[in-house]
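Given next are the chains, with one letter for each unit.
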Amino acid sequence: MIALLRPAMLARSACRLVTVCLLGLQFGAALAQTAATFAADVAPILRERCVVCHQGEAAPLGLRLDSYAGAMKGSQKGPVIKPGDARASELAKRVRGESQPRMPLTGPPWLSAGQIALIERWIAAGASGGAGAPAAAPARVRRPGDPVTYADVAPILVGRCAKCHSANGIMGGPPEGFRLDTLAATLDPSDRVRVVPGNPPGSELVRRIRGQARPRMPFDGPPYLEEAQIALVEQWIAQGARDAQGKPAAIPVGARVRLHGKLAGPSMLDELQLRGQAGRIDRRTGVGDYVELRGTVAPDGGIVPERIRSR
Ligand code: HEC
Ligand code: HEC
């Protein structure tokens, strides 16, 4: 039927009508009558896709999306929601991709067409808060002794690192091809591994957040991570880099590593005891030097050095 509607403009408005109808069906008759509210409709989307970065002190541009008040306050640049005007609202522009970088910064996947339409509808109808809108994500509380899982470290790694280390980050592509926006990408051994489950000092990621490897991460620090955050990431790796369900990752036996740090002895990189001495040590390299080590991961997660040179 749409194919019969010409010119193209007519077809487009027909599509919009169809979309609206489909949305009506999707979200049910109740929603079609009551306006969307922050608490009931928008907060769940933000919580799932945005709050991991847009919360707390380190929120990008100061924009906090973990509460209605934060969303309405906007960023250092000003409000991102103009009640009644979804076209001109920066938040809607970002999720549509009209303003760059497109949000969520971890996309693709972007928000679904239905989610974008819901946010637009909410803004168009006046961006109301909704009854008793406590939208802040319930803080995850880990009891002492509980294993550390990806759910505990994702707010740190995605929240502080993925703005650069993602496909669509603020530096263009991910630096060194290293993405930190998902667990699979964080552990990906195909190029070289930066996280060796069970071996924190053998993990370049740990060396970078501690500042043993330069440049220290996050690259836009200071502030760097807090000591407690660094310790949590180290524990997570020491316990096998468990996924959110608590299952430890496999050791990527044979995967390549590239580590930076101080050569503390013929087979010591800082506190890391290497498996033997490197076959190739640069002639000018000596104990005490800041070095680059290339090697591989042993079956037990140890590091077998192949080549060491001063940096
Ligand atoms: C991986 C971290 C990350 C995630 C996830 C993320 N953002 Fe952002 N967001 C950023 C960064 C970094 C910036 C600053 C980019 C820039 O320089 O414009 C930003 C900027 C923005 C801005 C621009 C503020 C302004 O005043 O210009 C809006 C609006 C925004 N984000 C909304 C969202 C929404 C909505 C989501 C979820 C759908 C989301 N963000 C998810 C990191 C993130
Ligand atoms: C502002 C952008 C930015 C942020 C934020 C950032 N990085 Fe980086 N990261 C870089 C750049 C650029 C490099 C390459 C630096 C170099 O070696 O010259 C890099 C390199 C790395 C490397 C080395 C990769 C390899 O293949 O050896 C690791 C590991 C790393 N970052 C981890 C992190 C972690 C963890 C965080 C968050 C705590 C983080 N980064 C935050 C920009 C960033």
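Residues numbered from 1 in each chain as written. Chains lettered and ligands numbered in written order. Predicted model: local features only at pLDDT ≥ 70, side-chain atom pairs only at ≥ 80, totals over all residues.

> How should the site of ligand 1 be read in this particular structure?
The environment of ligand 1 is formed by 25 residues, the closest being Cys50, Cys53, Pro60, Ser75 and Met103. Tallying contributions element by element places helix α4 (residues 90-96) first for the shell around ligand 1, with 4 residues. Here the residues of the shell around ligand 1 are counted per class, giving 17 nonpolar, 3 polar and 5 charged. Looking at which domains feed residues into the shell around ligand 1, each of domain 1 (36-124) and domain 2 (150-310) supplies at least three. (Near = placed C-beta within 6 Å. Helix = DSSP H or I, 4+ residues; strand = E, 2+ residues; numbered from the N terminus. Nonpolar A, V, L, I, M, F, W, Y, C, P; charged D, E, K, R; others polar. Domains from an automatic or database assignment.)

> Please clarify how the site of ligand 2 should be interpreted in this entry.
The local shell around ligand 2 holds 22 residues, among which Cys161, Cys164, Pro175, Met217 and Phe219 are the closest. Elements represented by at least two residues in the shell around ligand 2 include exactly α6 (150-161) and α8 (204-210). Considering each element in turn, the shell around ligand 2 owes the most residues, 4 residues, to α8.

> Any chance you could explain the packing of helix α2 (residues 38-49) against helix α5 (residues 113-124) here in plain terms?
For any two helices packed against each other, the geometry is given by the interaxial angle and the distance between the axes. Contact geometry for α2 and α5: axes closest at 10 Å, N-to-C directions at 140 degrees. Overall, the two elements α2 and α5 adopt an arrangement that is oblique. Considering the relative orientation of α2 and α5, their crossing is left-handed. Two secondary-structure elements touch here, α2 through Phe38, Asp41, Val42 and Ile45 and α5 through Gln115, Leu118, Ile119 and Trp122. Class assignment for the residues of the contact of α2 with α5 results in 6 nonpolar, 1 polar and 1 charged. (Axes fitted to C-alpha atoms, helices over the stretch in contact; angles between N-to-C directions. Parallel < 35°, antiparallel > 145°, perpendicular 65-115°, else oblique. Left-handed = near helix turned anticlockwise from the far one by under 90°. Contact = placed C-beta atoms within 7 Å.)

> Mind showing me how you'd approach the nonpolar core here?
For soluble globular proteins, the rule of thumb is that nonpolar side chains tend to be buried together. Formed by 67 residues in total, the largest nonpolar core has its most connected members in Val42, Ile119, Trp122, Val153 and Val158. In terms of residue count, α6 provides more of this core than any other element does, 7 residues in total. Counting contributing residues, this core receives three or more from each of domain 1 (36-124) and domain 2 (150-310). If near-sequence neighbours (up to four positions away) are discounted, Val42 is found in contact with Ala36, Ile119 and Trp122. (Core = buried A, V, L, I, M, F, W, Y, C linked by C-beta atoms within 7 Å. Buried ≥ 20, exposed ≤ 12 C-beta atoms within 10 Å, placed from the backbone.)

> I keep staring at unusual backbone geometry and nothing clicks. Help me out?
Most peptide bonds take the trans form, and the phi angle of most residues other than glycine is negative. Of note, the bond from Met103 into Pro104 is cis; its omega dihedral lies within 30 degrees of zero at -5 degrees. Inspection of the secondary structure assignment puts Pro104 in the loop between α4 and α5. With an omega of 5 degrees, the peptide bond running from Pro108 to Pro109 counts as cis. Phi at Ala127 takes a positive value of approximately 55 degrees, unusual for a residue other than glycine. By the secondary structure assignment, Ala127 is in the loop between α5 and α6. The class for Ala127 is buried, based on 24 C-beta atoms found within 10 Å. In this structure, Ala241 takes a positive phi of about 50 degrees despite not being glycine. With respect to the secondary-structure elements, Ala241 resides in the loop between α9 (227-238) and β1 (256-265).

> Sorry if this is basic, but what is going on with the pairing of strand β5 (residues 290-297) here?
Each regular strand carries side chains that alternate between the two faces of the sheet. Where β1 meets β5, 7 bridges bridge the pair, whose relative direction is antiparallel. Bridge pairing in β5 places Leu259 opposite Leu293. Across 7 bridges, the pairing between β5 and strand β6 (residues 303-310) is antiparallel. When the bridges of β6 are listed, Thr296 appears paired with Val304. Counting the residues that bridge the hairpin from β5 to β6 gives 5 residues, and of these Gly301 lies at a positive phi of roughly 90 degrees. (Pairing = 2+ DSSP bridges.)

> What is the right way to look at α9 in this model?
One full turn of an α-helix is made of 3.6 residues, so residues set three or four places apart face in the same direction. With 12 residues, α9 should reach 16 Å at 1.5 Å per residue; the first-to-last C-alpha distance of 16 Å fits that figure. Among the structural elements, α6 and α8 are those in contact with the buried residues of α9. Two residues or fewer after α9 comes Gly240, characterised by a positive phi angle close to 100 degrees. (Expected span 1.5 Å × (residues − 1).)

> Sorry if this is basic, but what is going on with the sheet that holds β6 here?
Within a beta sheet, neighbouring strands are joined by backbone hydrogen bonds and run either parallel or antiparallel to one another. The 6 strands lie next to each other as β3-β2-β1-β5-β6-β4, forming an open sheet whose pairing is mixed. Each of the sheet's edge strands pairs with one partner strand only, and the pair in question is β3 (272-273) and β4 (280-281). Of the strand pairs in this sheet, β1 and strand β2 (residues 268-269) are connected by 2 bridges, and their pairing is antiparallel. Across the sheet, the residue bridging to Gly265 is Met268, located in β2.

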